[in-house]
Protein chains: 4
Amino acid sequence: MPKVSKKYKEEKVAAILDASAHCFAEKGYNDTTVDDIAKASGTSKGSIYLYFSSKEEIFYRLNERRTEKFFEIKKQLVEQNSASAKFEYLFRHLLSGAIEKEDLNTIAVQFEFWIYISKNDKESLFDARVKMFTTLIKDIVEEGIETGEFRKDVNTDEFSKLFWSMMDGIVLHLLFHKNDSEHKRMVRLYERMVSTYLKIQP
Amino acid sequence: MPKVSKKYKEEKVAAILDASAHCFAEKGYNDTTVDDIAKASGTSKGSIYLYFSSKEEIFYRLNERRTEKFFEIKKQLVEQNSASAKFEYLFRHLLSGAIEKEDLNTIAVQFEFWIYISKNDKESLFDARVKMFTTLIKDIVEEGIETGEFRKDVNTDEFSKLFWSMMDGIVLHLLFHKNDSEHKRMVRLYERMVSTYLKIQP
Amino acid sequence: MPKVSKKYKEEKVAAILDASAHCFAEKGYNDTTVDDIAKASGTSKGSIYLYFSSKEEIFYRLNERRTEKFFEIKKQLVEQNSASAKFEYLFRHLLSGAIEKEDLNTIAVQFEFWIYISKNDKESLFDARVKMFTTLIKDIVEEGIETGEFRKDVNTDEFSKLFWSMMDGIVLHLLFHKNDSEHKRMVRLYERMVSTYLKIQP
Amino acid sequence: MPKVSKKYKEEKVAAILDASAHCFAEKGYNDTTVDDIAKASGTSKGSIYLYFSSKEEIFYRLNERRTEKFFEIKKQLVEQNSASAKFEYLFRHLLSGAIEKEDLNTIAVQFEFWIYISKNDKESLFDARVKMFTTLIKDIVEEGIETGEFRKDVNTDEFSKLFWSMMDGIVLHLLFHKNDSEHKRMVRLYERMVSTYLKIQP
DNA sequence: AATGAATGAGGTTTCATTCAT
DNA sequence: CATGAATGAAACCTCATTCAT
C-alpha cells in the first residue's frame, strides 16, 4: 500500500517537470543544476531523485510528455471531414499552441534534447519519433490524393518528412526572434506555400 | 613588431578552430574539454589561451568563420544573370555543401551555437546574422519581381525569413537521419516548392 | 505495560539483525544502506529506527550477538573431563562452526567490525572481548598443566592470546580463499601444531 | 618532453600515498575523504587526480607499494646459508618491521584492503598475492627438509599457507592492542611454536 | 506501531583557467 | 612563446535520519 496517493505522486512529477522545463529553457540543460530544479520546484535535491533516477531522465521524460501532449491532436483530426480541413485544423493548432507561454518553455528544451540525443541516442528514439510525426502528415496527404483534393504526383514520404523539417525550422527561429506575431505570419505563409504546392491548380 | 609572423598566428588559430569544430561535432560543446581541443590541435592547453580568451570565444569564432565562408557565395551569385539562375546556383551550392564531410561537422556545432546564444546573446548576434542571410534572399526575390520572373504579390521580407527558417529545419533534420541522399532529395523537393510558390503560374 | 509483547520485539530485532548480517556480508558495512536492510528484513526504513538508534548500533549488536552465541560453548566445555578433551572439543566446534553457511556471513562482518572499532572504540570494547576469549583458553591450559597433560613452562597468558590471534588469522584467510575443505585442513594442521607445542614430548 | 622530472612525479605520488596511508590508518578508507588526503599531502583535491584516477586506485597502489617493499627481503634471505638461518632472519625482520612507525600506518590499511577486495576482487589480486607469500615460505621449508634440518613429513603447501594465516592474525591483533612489546613477545612465541613444529626432535 | 517521503550535508570527480618554468 | 601542473569551485548523486500521516 503506497503511502501517498497516485495523484500526489503524479503532481509531484509534473511539478518537477514543469520546473525543469522552466530552468532548461532559461539556462539550457547543461547549465541547469539539479539544485536549480529543486529550488524552482519547491522541493529538495534529494526529493528529485525519488521521482527521477537522473537529471538526464528528467530531460527524456520532458520530451515524452510534450510529444504525448501534441499527439492528443489526433482525436480532433479524425473529426475533420476532408484532408484540407485537417491541414487547416493542424495549422490552427500549431498557431495557437506556439502562443501559449507554458508551451514556449518546452520548445527550447525540445531542440536541445534533439541535439543531445543526436549524440547519445542509443535506442534510436529519434527514428521512432520521426516516424510518428511523418505518419500523421502522410495519412492526411494520402487521403487528400484519394479524394482528389491534392495533386496525384506528390511523393507522400518525402513530403511528410519535409513538412516537419520545415516546420521545425520555423519553430527554431521562433526561439531566436521571440516574436509571436512574426512567428504567426511565418506559419501562415508556410501554410500558403504548402497549400499552393499540394493543391491542384485550377 | 610581433615576435612571430602574422601568418604563423593565423595558422595556429585555424588549427585550433579546426580541432574545436571536430571535437564539438563529436561530443558537443559542453562535453568537449579544453584538453580535448589541445590534444586534437596538437598544441598544449596553455597555448589555447594565447590565442583565445576562453572556450566560449572559440565557439563564437567558429561560427563567425563559417558564416564568412558561406558568404563567399555572393561573388558567384552576382555573376548569375537572372533571379531564377541565382536560386538555382544557391541550391546547387547548398546541395554540394552538405555533402562535404568537413562541413558536416560544423553544421552540428552551428545549431548548438544558436541554442547557446539564444540564452546568452547580449550583443544580439543573432539579429545581425539573420539580417545578413535574409538580405541575400530578399535581393534575389526583388530582382525576380522586377524582371517579371516571380509573382508580384510576394512579401519579400517574410519570404526571405521563411526561406532560411525552412532551410535550417531541413539541415537540422540532416543531423539526425544522417542520410546524405535523403537530405538531397529533401532539398530538391524544397527547391521545387519554393519555385512553385514564387513563379508565375502559366 | 508495553503495547506489543516482548517476544514480538525480540523477533523483530532478530529479523533486522539477520538481515543486516546478510547485507553486511554481501556488500560490507559501508556499502550497505539502511534501505537494503529494510528490504532484506521485510520491514520499513522507519521501523528500523524503532528498534535501533542508528546503523552503527546494529553493527555493534550484531557483534554482541555473535560473541554471546559463541560463548554458549562454555556449557559443553565443562563437561569434557580433561584439558586435551576440551581442546579437542573446541577444535571440533571451530571446524563445524566455520562450515555452517549462516555463520560464514557473520565472519566477514566480524572483521569489518574489528577494523571499525579499532578506529572508533571508545568503550574499549575490544579489550573486554579479548579478555573473555583469552580466559577461555587460559583456564584450559592451566588445567592441563595442573593435571600434567601439558608442559609446565608454557606462558599461559601469552599462549592464550596467541591462540586467538592465530585462529583469527586462519579465519581471515578463509574469507579470501573461500574454500571450506582447505580451511578445515588448515585448522587441523593448526590443532596439530598447538598440540605439538603444548604436550610433553614422550 | 615532460614538464617536470620523473623524480618530481615520483615524489609527488609518494607524498600522496604517504598521506593516504596516514589518513586511512586514522579514519579508515571510507571515512577518509579525498579532501583529507589533499590536505594531509599538502596539495589540492584536483592535483590528486593528476596522479591517481580514483580514490580506489590510491588504495590499490598503497597495497602494491607495501608488498613490493616487503619482498625486498628476498635479497637478504638468499644470503642466509641454512633454512633455519632464513627463518631466523625472517622473524628478525618481522619483529623489526612492525616497530617502525611509518610501516604501522600501512598495516591497518592492509587489512582494510583485504576486506575490501574480498568483496570487489575481480582480478583475483588476492590469489596472486597469496601465492607470492606462500612460495617464499615453501622454498625455505623445502630447503630445510632437503638439508635434514626439518622434519620430512611436513606438508609444505599447507604449512606455508598456515604460516601467513597465523602471522596475519598476530599482526591483526597488533592493530587492536597497539602494544609493541606485547606484539614482539607474541611473535617470538610464534617463532618458537613454528620451530618446535618444524624441527626434528632430538 | 509502522511507514516511506523528505531532507541536505557531504561524497567523489571534472574542468576551465592560471602561472611558474 | 609554449607548456602542463596546479587549483578549487561546482556538478551530480547518495543516504542516514526524521517525522507527518
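If you're wondering where the values come from, they're calculated on a predicted model, not measured in any experiment.

On to the overall build of chain A, then. When helices and strands are tallied, chain A shows 10 helices and 0 strands. Dimensions of chain A, computed from the C-alpha atoms along their principal axes, are close to 65 × 40 × 30 Å. When the 202 residues of chain A are sorted by exposure, 51% land in the buried category. When contacts within chain A are restricted to residue pairs at least 6 apart in sequence, those whose partners lie at least 24 apart make up 67%. A total of about 10,400 Å² of accessible surface is found on chain A, and carbon and sulfur atoms cover 50% of it. Placing the 32 positive and 33 negative side-chain charges of chain A at their respective mean positions leaves the two points 3 Å apart.

Turning next to the domain arrangement of chain A. Residues and elements named next belong to chain A. Each domain of chain A was delimited in the assignment, giving domain 1 (1-61) and domain 2 (72-202). Relative placement of domain 1 and domain 2: their C-alpha centres are 29 Å apart. Between domain 1 and domain 2, the buried area comes to about 880 Å², and carbon and sulfur atoms account for 67% of it. In terms of surface lost to domain 2, no three residues of domain 1 exceed Ala25, Phe59 and Tyr60, which account for 58% of the buried area on that side. Counting across the domain 1 and domain 2 interface gives 0 salt bridges. The interface formed by domain 1 and domain 2 includes 2 residue pairs in polar contact (both at pLDDT 80 or more). Contributing elements (two or more residues each) for the side of domain 1 that touches domain 2: α1 (6-27) and α4 (55-71). In terms of residue count, α1 provides more of the side of domain 1 that touches domain 2 than any other element does, 4 residues in total.

In this section: the relation of the copies chain C and chain D. The transformation that overlays chain C on chain D combines an axial shift of 0.1 Å with a rotation of 179°, and the residual RMSD is 0.3 Å. The relationship between the two copies is best expressed as a two-fold rotation axis. Rotation axis and chain C: the residue whose C-alpha lies nearest the axis is glycine 169 of chain C, separated from it by 1.7 Å. With an isologous cut-off of 70% or more, the 100% of interface residues of chain C that recur at the interface of chain D puts this contact in the isologous class.

Of the residues lining the interface, 41 residues belong to chain A; the matching set on chain B comes to 40 residues. For the pair chain A and chain B, the two sides together bury roughly 3,900 Å², of which 71% comes from carbon and sulfur. Linking chain A with chain B are 4 salt bridges, by the criterion used here. In this structure, the salt-bridge partner of lysine 161 of chain B is glutamate 182 of chain A, at a minimum N-O distance of 2.9 Å. Inspection of the chain A/chain B interface yields 7 residue pairs in polar contact (both at pLDDT 80 or more). Considering each element in turn, the side of chain A that touches chain B owes the most residues, 15 residues, to helix α9 (residues 156-177) of chain A.

Take the packing of aromatic side chains next. The final tally for this structure, using the stated rule, is 84 aromatic pairs over all chains. A network of ring pairs unites the aromatic residues Phe70, Phe71, Phe87, Phe91, Phe133, Phe150, Phe159, Phe163, Trp164, Tyr190 and Tyr197 of chain A as a single cluster. The aromatic ring of tyrosine 29 of chain B is capped on one face by lysine 55 of chain B, whose charged end is 4.7 Å from the ring centroid.

Residue-level contacts link 40 residues of chain C with 41 residues of chain D. Across the chain C to chain D interface the summed buried area is about 3,900 Å²; carbon plus sulfur atoms make up 72%. Our count for the chain C to chain D interface comes out at 4 salt bridges. At the boundary of chain C and chain D, one finds 6 residue pairs in polar contact (both at pLDDT 80 or more).

The next point concerns the environment of tryptophan 164 of chain B. You can see tryptophan 164 of chain B is positioned in helix α9 (residues 156-177). With a relative accessible area of 7%, tryptophan 164 of chain B lands in the buried category. Setting aside anything within four residues of it in sequence, one finds tryptophan 164 of chain B in contact with His173 of chain A together with Phe70, Phe133, Thr134, Leu136 and Ile137 of chain B.

Turning our attention to the protein's contact with DNA strand E. Neighbouring DNA strand E are 35 residues, the closest being Tyr8 and Tyr51 of chain A, Tyr8 of chain C together with Tyr49 and Lys55 of chain D. At the protein interface, 61% of the atoms of DNA strand E within 4 Å belong to sugar or phosphate. Contacts to DNA strand E include lysine 12 of chain A, whose side-chain N or O atom sits 3.0 Å from a phosphate oxygen. Between glycine 46 of chain A and DNA strand E, the recorded distance is 3.4 Å, taken from a backbone N or O atom to a base nitrogen. Among the elements of the structure, α1 and α3 (45-51) of chain A, α3 (45-51) of chain B, α1 (6-31) and α3 (45-51) of chain C together with α3 (45-51) of chain D are those that each provide at least two residues to the surface near DNA strand E. Per-class residue counts for the surface near DNA strand E are 12 nonpolar, 13 polar and 10 charged.

In this section: the relation of the copies chain A and chain B. It takes a turn of 179° to lay chain A on chain B, together with a shift of 0.0 Å along the axis; the resulting RMSD is 0.3 Å. Here 98% of the interface residues in chain A have copies in chain B that are interface residues too; the copies meet face to matching face.

A word on helix α8 (residues 125-146) of chain D. The end-to-end C-alpha distance of α8 of chain D is 32 Å, a good match for the 32 Å that 22 residues give at a rise of 1.5 Å each. Positioned one or two residues after α8 of chain D, glycine 148 of chain D has a phi angle of 85°, which is positive.

Time to look at helix α2 (residues 34-41) of chain A. Residue and element names in this part refer to chain A. Residues of α2 that are buried: Val34, Ile37, Ala38 and Ser41. Buried residues along α2 cover an arc of 100° about the axis, so they all sit on one side. Structurally, α2 contributes buried residues whose contacts are with α1, α3 and α4.

Under the counting rule described, the total for this entry stands at 40 salt bridges over all chains. As a salt-bridge pair, lysine 27 of chain A and aspartate 36 of chain A come within 2.9 Å of each other at their nearest N and O atoms.

Let us now look at the packing of α8 of chain D against helix α9 (residues 156-177) of chain D. Residue and element names in this part refer to chain D. Their axes nearest at 8 Å, the elements α8 and α9 cross at an angle of 130°. When the interaxial angle is binned, α8 and α9 end up oblique. When you trace α8 past α9, the crossing you get is right-handed. Here Phe133, Thr134, Leu136, Ile137, Lys138, Val141, Glu142 and Ile145 of α8 come into contact with α9, specifically with Thr156, Asp157, Phe159, Ser160, Lys161, Phe163 and Trp164. Per-class residue counts for the contact of α8 with α9 are 8 nonpolar, 3 polar and 4 charged.

Here we take up the packing of helix α9 (residues 156-177) of chain C against helix α10 (residues 180-198) of chain D. In helix packing, the relevant descriptors are the interaxial angle and the interaxial distance, both defined with respect to the helix axes. Interaxial distance between α9 of chain C and α10 of chain D falls to 10 Å at its minimum, and their mutual angle equals 80°. Judged by the angle between their axes, α9 of chain C and α10 of chain D are roughly perpendicular. Seen from α9 of chain C, the contacting residues are Glu158, Phe159, Lys161, Leu162 and Met166 of chain C; seen from α10 of chain D, they are Glu182, Arg185, Met186, Leu189, Tyr190 and Met193 of chain D. Of the residues that constitute the contact of α9 of chain C with α10 of chain D, the class distribution is 7 nonpolar, no polar and 4 charged.

About the criteria used
- Residues numbered from 1 in each chain as written.
- Chains lettered and ligands numbered in written order.
- Predicted model: local features only at pLDDT ≥ 70, side-chain atom pairs only at ≥ 80, totals over all residues.
- Heavy atoms only, no water.
- Helix = DSSP H or I, 4+ residues; strand = E, 2+ residues; numbered from the N terminus.
- Buried < 20%, exposed > 50% of the residue type's maximum accessible area, 1.4 Å probe, protein only.
- Contact = heavy atoms within 4.5 Å.
- Areas by Shrake-Rupley, 256 points an atom, 1.4 Å probe, with all protein chains shown as cover.
- Lys, Arg positive; Asp, Glu negative; His and termini not counted.
- Charge placed at Lys NZ, Arg CZ, Asp CG, Glu CD.
- Domains from an automatic or database assignment.
- Buried area = accessible area lost by both parts, 1.4 Å probe.
- Salt bridge = Lys/Arg side-chain N within 4 Å of Asp/Glu carboxyl O.
- Polar contact = N/O pair within 3.5 Å; in protein donor to acceptor, adjacent residues only side chain to side chain.
- Least-squares fit on C-alpha atoms with pLDDT ≥ 70 in both.
- Phe/Tyr/Trp six-rings, centres within 6.5 Å; stacked < 30°, edge-to-face > 60°.
- Lys NZ or Arg CZ within 6 Å of the ring centre and 35° of its normal.
- Near = heavy atom within 4 Å.
- Nonpolar A, V, L, I, M, F, W, Y, C, P; charged D, E, K, R; others polar.
- Expected span 1.5 Å × (residues − 1).
- Arc of directions from axis to C-beta.
- Axes fitted to C-alpha atoms, helices over the stretch in contact; angles between N-to-C directions.
- Parallel < 35°, antiparallel > 145°, perpendicular 65-115°, else oblique.
- Left-handed = near helix turned anticlockwise from the far one by under 90°.

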